[in-house]
Structures are given as C-alpha cells and as structure tokens.
Amino acid sequence: IIQTWEGDFRSALNSFELATDSRVCDAGTAVSLLRTGMSHFALDDFDTALSCFRKALELNPKDNATRAKVLNNVGVAQYQRKYFMEALKAFTDALEIQRIWLDGPLRREPIVFDASVTLSNIAKIYLHQHEYEPAFQAYEEALLLQTTAFRKDHVIVLSTLSNLAYAKAMGGDFGRAIQIYKGVSRAQQTRWGPECREAAETAGLLATLYLKMGNEKDALECLRTLVKWQRQNFDQNNPSLESTRAALRKIEESSTADKVWV
C-alpha cells in the first residue's frame, strides 16, 4: 500500500501478487486481488485489471461495501476498454448495493463518498452518450449525498458542482452553467484565496461560456484573471499562457474594431 502511495505501481503490483499467492481463497484474497487489479489499472493494463476484479467478485458474493467497490472498479475498467454499456451495468449494480447501506441507521462518510463516486461515474457514461439531462441528474444526486457528510467547500463537493456546470454547458444551457461556475469560483476563492489555481481554471471555463453567449465584456475579465495567474506561475513561453494571451488579444482587437470614431 505504501508503494502505491509513493507511485511505485510496479513494486506495489509485485507485493500484492505475492500476498495473493500466499493466501487461501477467502475475503482477504479478494482484497488482495482488488489491490492487484488497481495496480494493473495504474499501469494502464486494463484487461488484466478487469480479470483481477472479476476474480475478486467471485470470492466476495455478499452484497457488502467491498463488493460494491469492486463492481465500481469493474465499471471503470470497462469504461477504459470502451465497453460503455458493460460499464454502466457494473456501476448500477454497485449503486444498488450502496443504497442499502445509505438507507441504514448510520450514514458514514466512506459510504457517502463511494456512492457519490459511483453516481459520478454513471454520469460520465451519460455524458459520453450525449445524454446530458440524465448526466446532470446523476451528478445532482451525488451532490445531494455529499452535502449530507461533507462541508460545502470540500474538494469533492466543488468537483461535483463543476461537473454539474459542465453537464449543463454540454447540453447548451450556458446561463445555468455560468451560474454554477460562478458559485464554484466564489467557494474556491474563499477556501484557497482569490489568486488560487482552482479559481483561475474556473475563470477560463467561464470565459469560454461567456464567449459562446456573445458576452465579450465578461469573457475579457475572466481571461485577464486567468492570464494574470498564468504569468505568475508559468514560464513565459508556456503554451497555455501563449494560448490565453492570443485569445485575449483577439477579443481586445475585436472590441476595438467595433468602436465608431467621430
């Protein structure tokens, strides 16, 4: 596990495989197979990862939190393999188990976290299929869950809010997307400061949406916020900085050209 945290996935894989080989077939073996599969996944070996996850499912037939986690991982592996319908089924099966635990007398943070991750993964499938309203609804349910256990400025909550805005933007509802992103930006600045990276990235997203709505004034303001952060944190020849500068110049030149001089 420590090797995984350190990013040494090859060594972690060897350790987990040794642990699996030394065990009898029990719940502990299922956990080792889960971790082995996650190491293969980190090494982009999605087929082998999926095989490990399926073996873990066979050793863990009960509808418990571990089985739900393995099913979610099956879904993620299938998503990477571009088997989207199989991925959706795995995510749905995981969520059915997680709902049992959510409806129990205690709603612990890990259960809420896992269920909201599964819901977000379901939303990604819908986004891939261009079904934006179901995607929004899945993200919205994930957000409602998260706010029962986490603060409103928690990283996972802000991430889901950004995903909600993205789903609305992809569906063409730019006004609602802007409204959500502006709330995200305020929360980011409150938590990490007015010149944080997160708020700068959100400013870039807002600029894109303002331009789609023909609002060059607000787009300029957002791009200036973004380019200011990039100048402070990037090398002057960074491609992202150059791209933002070019977009800024284009809008400024367009605004100047529209003026009528007497």
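Residues numbered from 1 in each chain as written. Predicted model: local features only at pLDDT ≥ 70, side-chain atom pairs only at ≥ 80, totals over all residues. Heavy atoms only, no water.

Trainee: Lay out the pattern of salt bridges with the relevant residues and their values.
Mentor: The tally for this structure, following the rule as stated, stands at eleven salt bridges. Taking the shortest distance from any N to any O, the salt bridge between D153 and R151 comes out at 2.8 Å. Judged by relative accessible area, which is 17%, D153 ranks as buried. Of the residues examined, R151 reaches a relative accessible area of 59% and is grouped as exposed. Between E252 and R224 there is a salt bridge whose closest N-O contact spans 3.3 Å. Linking E252 in helix α13 (residues 239-257) with R224 in helix α12 (residues 216-233), this pair joins segments that are 28 residues apart in sequence. E252 gets classed as partly exposed once you look at its relative accessible area, which sits at 30%. Owing to a relative accessible area of 43%, R224 belongs among the partly exposed residues under this scheme. Linked through salt bridges whose partners overlap, the residues forming this network are R197, E198 and E201. (Salt bridge = Lys/Arg side-chain N within 4 Å of Asp/Glu carboxyl O. Buried < 20%, exposed > 50% of the residue type's maximum accessible area, 1.4 Å probe, protein only. Helix = DSSP H or I, 4+ residues; strand = E, 2+ residues; numbered from the N terminus.)

Trainee: Would you mind going over the packing of helix α8 (residues 132-146) against helix α9 (residues 155-170) in detail, with residue names and values included?
Mentor: At a minimum axis distance of 9 Å, the contact between α8 and α9 shows a crossing angle of 165 degrees. Here α9 runs roughly antiparallel to α8, going by the angle between their axes. Crossing of α8 over α9 shows left-handed handedness. Here α8 contributes Y132, E133, F136, Y139, E140, A142, L143 and Q146 to the contact with α9, which in turn contributes I156, V157, T160, L161, N163, L164, A167, K168 and M170. (Axes fitted to C-alpha atoms, helices over the stretch in contact; angles between N-to-C directions. Parallel < 35°, antiparallel > 145°, perpendicular 65-115°, else oblique. Left-handed = near helix turned anticlockwise from the far one by under 90°. Contact = heavy atoms within 4.5 Å.)

Trainee: How would you sum up the packing of aromatic side chains? Please name residues and give values.
Mentor: All told, the structure shown has three aromatic pairs when counted by the stated rule. Considering the side-chain rings of Y79 and F84, the 5.4 Å spacing of their centres and the 75 degrees angle between planes classify their relative orientation as edge-to-face. With a relative accessible area of 28%, Y79 lands in the partly exposed category. With a relative accessible area of 16%, F84 lands in the buried category. (Phe/Tyr/Trp six-rings, centres within 6.5 Å; stacked < 30°, edge-to-face > 60°.)

Trainee: Tell me about the environment of V70, and please be specific about residues and values.
Mentor: Counting through the fold element by element, V70 comes out in helix α5 (residues 65-80). Each C-alpha atom, one on V70 and one on L50, is 9.8 Å from the other, the two residues being 20 residues apart in sequence. Contact partners of V70, with chain neighbours within four places excluded, come to L34, F53, A56 and L57.

Trainee: Explain unusual backbone geometry residue by residue, including any values.
Mentor: With phi around 65 degrees, D44 is a residue other than glycine that occupies positive phi space. Tracing the backbone shows D44 in the loop between α3 (27-42) and α4 (46-58). Looking at D44, the relative accessible area reads 57%, which means it is exposed. The residue H130 is not glycine, and still its phi comes out positive at about 65 degrees. Mapped onto the elements of the fold, H130 is located in the loop between α7 (109-128) and α8.

Everything listed is a geometric property; what it means functionally is a separate question.
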